[in-house]
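One letter stands for each residue in the lines below.
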Amino acid sequence: MTVFSFFHAHRLHMVTWNVATADPPDDVTSLLHLNSQKSPDLYVIGLQEVYSGPLRFVSDIVFDDPWSHLFMSTLAPRKYVKMSSIRMQGLLLLFFSKLEHVPFIRDIQATYTRTGIFGYWGNKGGVSIHLSFYGHMLCFLNCHLTAHMKYATERVDEFEYIMDTQTFECEKAPRIADHRLVFWFGDLNFRIQDHGMHFVRTCINNQTYNLLWSKDQLIMMKKKEQILQEFEEGPLDFQPTYKFDLNSDTYDSSGKKRKPAWTDRILWRLRPKSSTPDEQGEDTVDAKQVKQLEEDEKYPLKIRQDSYTSNMEYGISDHKPVIGTFTLELRKIFEIPLVRLQAEGDWSADIDAMVHYTPLQPFPSSTWDWIGLYKVGFTSMTDYLTYTWVKDDEVAFSEEVIQVYVSKEEIPVRGGDCVLCYYSSVLRCIVGISEPFKVGNTVGTHILYAQISPIMDMNL
């Protein structure tokens, strides 16, 4: 395997927002920094309190919920693909990638944990997405923890429970703490205690936010909780994001007059460096630890937070969204896709078509692997026009060109610019994308055969 001596920088744009059951706004340009000169490589969007009434929730299971649809339709024309999503009642987590990175995002899994001791069923807890990004194991954990001032300890207990119980089918990172990099974010519900309302609002008006930090419950709990000390957070140099009157920048003017707080947060954790055999003693170091240490040294990963702020533009919720942007500097563990594929000859609904693909590296294949035909600008892995099963029992590591035929009955009548994607069912991801090519329009009638989606049962 070729090892390059330089780092690759990738930009990550993260959003956390308690949307308080509101419908999405018409425009999310400022939320996603779409007018920025440097576009992100990855978007991670965590929402809390997405409306989940019975009728809406049932429809959202069958169709994309309005929030997902908004982000997908906004980002797809900019060549971002929704790689994964997971929904647990009001909690929603979305992961988008630029098309160029898609074949290098592998082993995608998603899971959830309900807590809700002090809430109703499914209202509190955490949803997470686990994946490999150029060989580095990442985990994104979106949480909504117990509310109210007096439950700071319970919030930490809920977080520990989520960290301890969530598991993944992955030898390198079976638990959240095993990942090279973890992002923990959401409506964590920590409050500002002790200080009175007048002092808090005076500090906000004067932008002397630092005077409030010592009484922020999350900062206070970090001093005594080991699990929290492993997580980093940028300075809270923005005004507290809770609680506002709707459609205004005015803090709660109701009879309850809840004290403002930084309930909405984004933190991260780089996995602590493994001890060397000399530090632990030969008898206490297992082979997995040695391999992890060698990989960490050979393929470093660094993180830098570029910005951490709230967005005051949106007033549909009593929370303001929080945005964090990061640069991930890493040495890629792999740099070539697992499969090279291309469309051969002319494609239209008038003639049978053929795909050529070549495995470039060994990978676990399955009879459930398939090749999908996608329009350029597709929104997600499920947004294919048609697909064909690869049907090979095993993909060997060779330069042999393998042919797969696609019946003309399965090619859409309406043509356009398309790409082919090879989907690995074992790795739960696309492992190869063709160059764009033209599918010709067909005049006349044509019957499309209904097919059962090959990834219908997956959390995407």
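Up top is the structure.
Remember, it's a predicted structure, so these values are computed and weren't measured experimentally.

Caption draft 1: Focus on the side chain of His356. By the element assignment, His356 lies in strand β13 (residues 353-359). In this structure His356 comes out as buried when scored by relative accessible area, which is 16%. A polar side-chain atom of His356 sits 3.3 Å from a polar atom in the side chain of Gln403. Other than its neighbours up to four places away in sequence, His356 contacts Arg340, Leu341, Gln342, Glu344, Val401, Ile402 and Gln403.

Caption draft 2: Highlighting the sheet that holds strand β9 (residues 264-270). Taken in spatial order, the 5 strands of this open sheet run β5-β6-β7-β8-β9, and their pairing is mixed. Edge positions in the sheet fall to β5 (105-114) and β9, since each of these pairs with one other strand and no more. Here the average twist between neighbouring strands, direction ignored, is 15°. Across 8 bridges, β5 lies against strand β6 (residues 125-133) in antiparallel orientation. Counterpart to Arg106 in the pairing with β6 is Ser132.

Caption draft 3: Spotlight on the sheet that holds strand β12 (residues 339-344). Reading across the sheet, the 3 strands line up as β12-β13-β16 and stay open at both edges, with antiparallel pairing between neighbours. Because the sheet does not close on itself, it has two edges, and the strands there are β12 and β16 (402-406). Taken pair by pair, the neighbouring strands of this sheet meet at an average axis angle of 25°, ignoring direction. In terms of strand pairing, β12 meets β13 through 6 bridges, oriented antiparallel.

Cut-offs and rules
Residues numbered from 1 in each chain as written. Predicted model: local features only at pLDDT ≥ 70, side-chain atom pairs only at ≥ 80, totals over all residues. Heavy atoms only, no water. Helix = DSSP H or I, 4+ residues; strand = E, 2+ residues; numbered from the N terminus. Buried < 20%, exposed > 50% of the residue type's maximum accessible area, 1.4 Å probe, protein only. Polar contact = N/O pair within 3.5 Å; in protein donor to acceptor, adjacent residues only side chain to side chain. Contact = heavy atoms within 4.5 Å. Pairing = 2+ DSSP bridges. Axes fitted to C-alpha atoms, helices over the stretch in contact; angles between N-to-C directions.

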